[in-house]
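# Observations on chain architecture
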Amino acid sequence: MAERLALFATTARGTEDLLAEELKELGARRIRQDRGGVRFMASLDEALKVCLWSRIAMRVLYPLGEFEAHGAEGLYEAVASVPWEEHLTPDTTFAVEATLKDSEHSHTGFVALKVKDAVVDRMRDKLGARPDVDPRNPDVRVVAHLVRERLSLSLDLCGEPLHRRGYRVRPTPAPLKETLAAALLRAAGYTGEEALVDPMCGSGTILIEGGLIARRRAPGIARDFAVEKWPHLGARARELLEDLRADARRNERKVAVPIVGFDKDPEALEAARRNVKAAKLAEEILLEEGDATKLPPLPASGGLLLTNPPYGDRLGSGGQKGMKSFYFKLGDSLRAQSGWRVWVLSGNPAFESAFHARPRSRRDLWNGPIACTLLGYSAVPVRGVELKSEAPLGVPEEALDVAPVRPDDEGEEQG
């Protein structure tokens, strides 16, 4: 591999600019936003720092090339043209992940099988032996993405996607991905220097990601990365990561601001407690039972209130009318919190009007397959305290225009 690698980090649609900002802070160079991710250049140690520290990236990929692949034979020949002997040995295990979009092939399993066949045949021809496939814990993970007849091949530096931090031991229905929660916090300007509240905390993802930021803890500190097992880079990667992890642990700090979550569902609160404990943030995060539409007064010092309310599928009866009533009551409750900036991830088009306040900023993005809008509202001034930087919640300001992001691969098959 070259001294400086050309890499691609994937992210949720609509958060590419946030990831680009983060990558710049982590030392990446020649950063260019793309659809669903960011391209950048990095040395090995910089790439490993991205794997360890990125809160927003889903994967960090090393692209091997793009090819025209017509039919099954064309697919096989394109894969066989890659010098796999530079990345694998006969003792290396590997696995193939395939995704399709508008392809003549109807099943990801077929594409993954053809990629696998081409890899092992090339290795047998070049080295006289073939590597084994290990779908569960491979040394090298090959990522194949086929759009129509255009095939992209990459190696995944991380292995398991980066949103799998290791603390989600008790999920709830439709949980927010950890990487998306971190992106929401960055979009809201959260740096860990102010209080954080989630009045509908569910399994606690927003609070935990906020706690990691406030603690200055690397999100990947408790996990291994696939690149550590690569035959030609693994030893050097392990050495560099040992230093990066030690440095990360030395620079953690105590959390000096309150981080509080409410939920009226006892099962959700129990899930949040277990996840917070698994994240080793039990001393930093306070969880209490509470109804977001009847929220008790929060400390007058203020801070960030960020939440992801239900989109309409888990509120029981009432339909859209019931949702609008819920959003109206939520608006009344949150507007009563003086000094708190309010940010809401909405997946229901009826939310904004029912919440009856005009946002000062908006961002269109995707929560998995769901088109959402992140809405930011200015804080209500604390009595006797002038807020110079923001207008009161509900007072119209010029909104930040962010063009809607609509993925070409909506409904894409994965395998």
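## Description of the environment of R30
Of note, R30 is situated in strand β2 (residues 29-34). In sequence terms R30 and M41 are 11 residues apart; their C-alpha atoms lie 5.8 Å from each other. Residues in contact with R30, not counting those within four places in the same chain, are R39, F40 and M41.

## Some thoughts on the confidence of the model for the protein chain
Put simply, the protein chain has an average pLDDT of 89, and 90% of its residues get 70 or more. Scored below 50 in pLDDT, residues 384-415 makes 72 contacts in the model with residues more than four places away or belonging to other chains.

## Concerning the pairing of strand β14 (residues 361-367)
With respect to burial, β14 is a largely interior element, six of its seven residues being buried. Examined bridge by bridge, β14 and strand β15 (residues 370-377) share seven bridges and lie antiparallel to one another. Bridge assignment links L365 to a residue of β15, and that residue is C372. The antiparallel pairing of β14 with β15 creates a hairpin that spans two residues between the two strands, and G368 there sits at a positive phi of about 65°.

## Examining the pairing of strand β11 (residues 285-289)
Both strand β10 (residues 259-263) and β11 contribute to a ladder of five bridges, which runs parallel. Paired with F262 across the bridge in β11 is E288. Traced from β10 through helix α8 (residues 266-278) to β11, the parallel crossover comes out right-handed.

## Focus on the sheet that holds strand β13 (residues 340-346)
Read from one edge to the other, the open sheet built from seven strands follows the order β11-β10-β9-β12-β13-β15-β14, with strand pairing classed as mixed. At either margin of the open sheet sits one strand with a lone partner, and together these are β11 and β14. Averaged over all pairs of adjacent strands, the angle between strand axes in this sheet comes to 20°, irrespective of strand direction. Lying over the sheet, α8 contacts β10 and β11, oriented at roughly 170° with respect to β11.

## Topic: the pattern of salt bridges
Scanning the entire structure with this criterion turns up 29 salt bridges. A salt bridge links R215 to E284; its shortest N-O distance comes to 3.5 Å. With R215 in helix α6 (residues 205-215) and E284 in the loop between α8 and β11, the pair connects residues that are 69 residues apart, well separated along the chain. Looking at E284, the relative accessible area reads 17%, which means it is buried.

Quick notes on the rules
- Residues numbered from 1 in each chain as written.
- Predicted model: local features only at pLDDT ≥ 70, side-chain atom pairs only at ≥ 80, totals over all residues.
- Heavy atoms only, no water.
- Helix = DSSP H or I, 4+ residues; strand = E, 2+ residues; numbered from the N terminus.
- Contact = heavy atoms within 4.5 Å.
- pLDDT = per-residue confidence, 0-100.
- Buried < 20%, exposed > 50% of the residue type's maximum accessible area, 1.4 Å probe, protein only.
- Pairing = 2+ DSSP bridges.
- Right-handed = clockwise from strand over helix to strand, strands pointing away.
- Axes fitted to C-alpha atoms, helices over the stretch in contact; angles between N-to-C directions.
- Salt bridge = Lys/Arg side-chain N within 4 Å of Asp/Glu carboxyl O.

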